[in-house]
Amino acid sequence: MPPIRITFLGTGTSSGVPMIACDCAVCLSSDPRDNRLRSSVMVESAGTRFVIDTTPDFRYQMLRLKIRHMDALLFTHPHKDHIAGLDDVRAFNFFSQKPMDVYANYLTEEALRRDFYYAFSDTKYPGVPELELHLIDKSPFMIGDITVIPIEVWHLRMPVMGFRIGDFTYITDANRIEDSEKEKIRGSSIIVLNALRKEKHISHFNLREAIDLVKELGVPKAYFTHISHQLGLHQEINAELPEGIELSYDGLTFSV
Ligand SMILES: [Zn+2]
Ligand SMILES: [Zn+2]
Ligand SMILES: [Zn+2]
């Protein structure tokens, strides 16, 4: 595996932080780490760059990091906060003059074909997104020079794809992981895991569950993502976390 760099493009839950029309302390915070676009990361080696999920903020996420080229898109699951920005891939199509490689499981592929039907029709309107779909399952696959190992996790009753890339594991939108899939995570040096808020939630790990899972898996470094305004101020919550565990924030970047 080549060395890779991970960059958080967004670290917020589906509503983003601040949330529209909310006057809570987190939504009104002047700390930039409390401003969270919807959750996504960019993965880069020297020769390959892809994002995991195209959020409703995808366009702005690309603009604010001045991204000029994208090799592929990889999807975790079909919820709107993870796929809604796909239409904006048109800019990359325009400049690269080729279709974008898209990696998704059957569930996400079905949603993409439904929600972005115009990109898949036989008689396409000029300028619609050009997509080259690659169906993935639980088998490892390559994107450029990067090997990706899918990890199936549960989001209430929906299977969601987590990914292990070298010693890095990315899991969002989960509240349960089967033992067989946990084995794929063990040995990672860094994990990103969703931690929505302190209160229990039916389809997301809460803060306590996420901390316990990191300890159970024995991963030395963890960043939590998909954060709700209900979790609290970044600075306060981050200070309460055990050694080796931190809240992520938009723009945070590290190498593995
Ligand atoms: Zn989500
Ligand atoms: Zn709020
Ligand atoms: Zn979801």
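The preceding data block contains the structure.
Reference entry: report on the structure contained in this document.

Rules behind the numbers
- Residues numbered from 1 in each chain as written.
- Chains lettered and ligands numbered in written order.
- Predicted model: local features only at pLDDT ≥ 70, side-chain atom pairs only at ≥ 80, totals over all residues.
- Heavy atoms only, no water.
- Donors = N, O, S within 2.8 Å, 3.2 Å for Na, K, Ca; no water.
- Buried < 20%, exposed > 50% of the residue type's maximum accessible area, 1.4 Å probe, protein only.
- Salt bridge = Lys/Arg side-chain N within 4 Å of Asp/Glu carboxyl O.
- Helix = DSSP H or I, 4+ residues; strand = E, 2+ residues; numbered from the N terminus.
- Arc of directions from axis to C-beta.
- Contact = heavy atoms within 4.5 Å.
- Core = buried A, V, L, I, M, F, W, Y, C linked by side-chain atoms within 4.5 Å.

**Details of the coordination of the zinc ion (ligand 1)**
Thinking step 1. On the protein side, the zinc ion (ligand 1) has Asp81 (OD), His82 (NE2), Asp173 (OD) and His226 (NE2) as donor atoms, found 2.1 to 2.3 Å from it.
Thinking step 2. Considered as a linear motif, the donors of the zinc ion (ligand 1) on their single chain read D-H-x90-D-x52-H.
Thinking step 3. Separating the zinc ion (ligand 1) from the zinc ion (ligand 3) is a gap of 3.5 Å, bridged by Asp173, which donates to each. Of the two residues, Asp81 and His82, neither departs from the other in class, the shared state being buried.

**Some thoughts on the pattern of salt bridges**
Between side chains of opposite charge, a pair can form when the charged atoms approach closely.
Thinking step 1. If you walk through the whole model with that rule in mind, you get 20 salt bridges.
Thinking step 2. One salt bridge connects Arg90 with Asp87, and the closest N-O pair in it is separated by 2.8 Å.
Thinking step 3. What makes Arg90 partly exposed here is its relative accessible area of 34%.
Thinking step 4. In this structure Asp87 comes out as buried when scored by relative accessible area, which is 19%.

**As for helix H4 (residues 106–115)**
Thinking step 1. When H4 is considered as a whole, its buried residues turn out to be Thr108, Glu109, Ala111 and Leu112. In an axial view of H4, the angular spread of the buried residues amounts to 165 degrees, which keeps them on one side of the axis. Structural note: H4 exposes Tyr106, Glu110 and Arg114 on the side pointing more than 90 degrees away from its buried face.
Thinking step 2. Buried residues in H4 make contact with helix H2 (80–83), strand E5 (100–104) and strand E6 (131–135).

**Things to note about the environment of Gln235**
Thinking step 1. Looking at the element boundaries, Gln235 is found in helix H7 (residues 234–240).
Thinking step 2. For Gln235, a relative accessible area of 56% puts it in the exposed group.
Thinking step 3. Linking Gln235 and Asp31, residues 204 residues apart in sequence, is a C-alpha distance of 8.4 Å.
Thinking step 4. Those residues in contact with Gln235 that lie beyond four places of it in its chain are Asp31 and Arg33.

**Quick notes on the nonpolar core**
Thinking step 1. Counting residues in hydrophobic clusters, the biggest one holds 27 residues, and the most contacted among them are Ile185, Ile191, Leu193, Leu207 and Phe224.
Thinking step 2. Counting residues per element, the ones that place at least two in this core are strand E8 (146–155), strand E9 (158–165), strand E11 (190–194), helix H6 (207–217), strand E12 (221–225) and strand E13 (245–247).
Thinking step 3. Of all the elements, H6 adds the most residues to this core, at six residues.
Thinking step 4. Filtering out sequence-adjacent residues up to four positions away, Leu207 remains in contact with Ala195, Arg197, Lys198, Phe224, Leu231, Ile237 and Leu241.

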